[in-house]
Amino acid sequence: MADEEEAELNETQKKEIAKWFLLNSPPGEIQYVAKDVKAILDDDELYQEAASESFPLYNKSHMISLELLDRSGDVIITSFGELGKNEFLDPRTAQVAIIDHVKQVCTEVRPAMDEELPSPYIEEFRCALDAEILKYISEAYPKGVCSVYCGSGKDVEGPGSDFELVVVISAARHSPQNFCNGSWRSVWNIEFKDDIQLVELSGKLLVGAHYFEEGNVQLDAKHECKDSTIIQSAEDCAISVASIIRHHETEYLASLEASYSNLPDTTFKDLRRKLPVTRTLFPWHNTMQFSLTRDISKELGIGK
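Cut-offs used in this document
Residues numbered from 1 in each chain as written. Predicted model: local features only at pLDDT ≥ 70, side-chain atom pairs only at ≥ 80, totals over all residues. Heavy atoms only, no water. UniProt positions renumbered as here; feature names shortened; annotations may be inferred. Axes fitted to C-alpha atoms, helices over the stretch in contact; angles between N-to-C directions. Helix = DSSP H or I, 4+ residues; strand = E, 2+ residues; numbered from the N terminus. Parallel < 35°, antiparallel > 145°, perpendicular 65-115°, else oblique. Left-handed = near helix turned anticlockwise from the far one by under 90°. Contact = heavy atoms within 4.5 Å. Nonpolar A, V, L, I, M, F, W, Y, C, P; charged D, E, K, R; others polar. Pairing = 2+ DSSP bridges. Polar contact = N/O pair within 3.5 Å; in protein donor to acceptor, adjacent residues only side chain to side chain. Buried < 20%, exposed > 50% of the residue type's maximum accessible area, 1.4 Å probe, protein only.

Per an unreviewed UniProt entry, the protein chain carries the name F-actin-capping protein subunit alpha and comes from Trema orientale. Here is the UniProt Subunit (unreviewed entry) comment for the protein chain, exactly as written: "Heterodimer of an alpha and a beta subunit." According to UniProt, the comment filed for the protein chain under the heading Sequence similarities (unreviewed entry) is "Belongs to the F-actin-capping protein alpha subunit family."

1. Observations regarding the packing of helix H2 (residues 30–41) against helix H3 (residues 44–61)
Two numbers describe how H2 lies on H3: the axes approach to 10 Å, and their chain directions differ by 155 degrees. Comparing their axes, H3 and H2 come out roughly antiparallel. Considering the relative orientation of H2 and H3, their crossing is right-handed. Note on element contacts: H3 touches H2 through Asp-44, Leu-46, Tyr-47, Phe-55 and Tyr-58, opposite Ile-30, Gln-31, Ala-34, Val-37, Lys-38 and Leu-41. Within the contact of H2 with H3, the residues separate by chemical class into eight nonpolar, one polar and two charged.

2. Looking at the sheet that holds strand E3 (residues 87–90)
The strand order across the open sheet formed by three strands is E3-E4-E5, and the pairing between neighbours is antiparallel. A single partner strand is all that each edge strand has here, and the edge strands are E3 and strand E5 (105–111). Each neighbouring strand pair of the sheet contributes to a mean axis angle of 30 degrees, computed without reference to strand direction. Bridge count between E3 and strand E4 (residues 95–100): four bridges; the pairing is antiparallel. Note on E4: the bridge partner recorded for Leu-89 is Val-96.

3. Some points on the environment of Asn-216
For Asn-216, the location among the structural elements is in the loop between strand E9 (198–211) and strand E10 (217–230). Aside from chain neighbours lying at most four places away, what touches Asn-216 is His-210 and Tyr-211. Among the polar contacts listed, one links the side chain of Asn-216 to the side chain of His-210, at a separation of 2.6 Å.

4. Quick notes on unusual backbone geometry
One non-glycine residue, Asp-42, lies in the positive phi region at around 55 degrees. Inspection of the secondary structure puts Asp-42 in the loop between H2 and H3. For Asp-42, a relative accessible area of 70% gives the class exposed. Phi is positive for Gln-104, which is not a glycine, with a value near 55 degrees. On the secondary structure map, Gln-104 appears in the loop between E4 and E5. Relative accessible area serves as the criterion here: at 19%, Gln-104 is assigned to the buried category.

See the structure below:
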């Protein structure tokens, strides 16, 4: 039979494949993947289309941080601070960063407008929580950044109404020269329910890592948790919420460390075949009955 010729991929299919590779790049490696994708496509226009659609999604899902143009701090690229296609709010400095998604740089900074910022009442809670989270980040994450956004109710002027704050923590360690990259991302939705005087927390923790020396090993872990505390003053609420976040993140990190330190005794053993093809368990308790040298000698008639 004559070999059937493989159908040539059309431009749409090529673009979708390119987007898949870009979006699934490990932490901190999309620029390396993009370079190879561009070379393989060998079509600048098609690459630009794929990159312009992929980079914004990748940057937001990985919550990358970019230095503000005036070096007054870092802005986290996240949907919680997204104001426009390329505009992201930095609540701490009350500035809006205009960024280039593909180059992953901040190109311009402007002051945030009043309607883009929360009311003074909400800002009091937001600012107090931001200060406490900053203390926690400086102790727990060597290269971490954080930001506190107003998720809903930003126009609330005083007690009596519900509102929501969102804490975003992003930490990355990129060391391609040592063949490893990794990131920690956590999002905490904090709902202030005035009618029942309760603060409810819902956290999502995401850990990604890639080790590629003499191999290709990736980690993609996810954990969700909930907790609550009572509504107090802005400062007391901030201390309580930061303490809860610290507790859950520390606990999850400890569980990860314990899990991976036990890999040789648990997970790797589970990957082995329970029974060999002979359907008979190997007698580990009495291995002396087996001798490869003796069996070979017997078969070859050596020593007789």
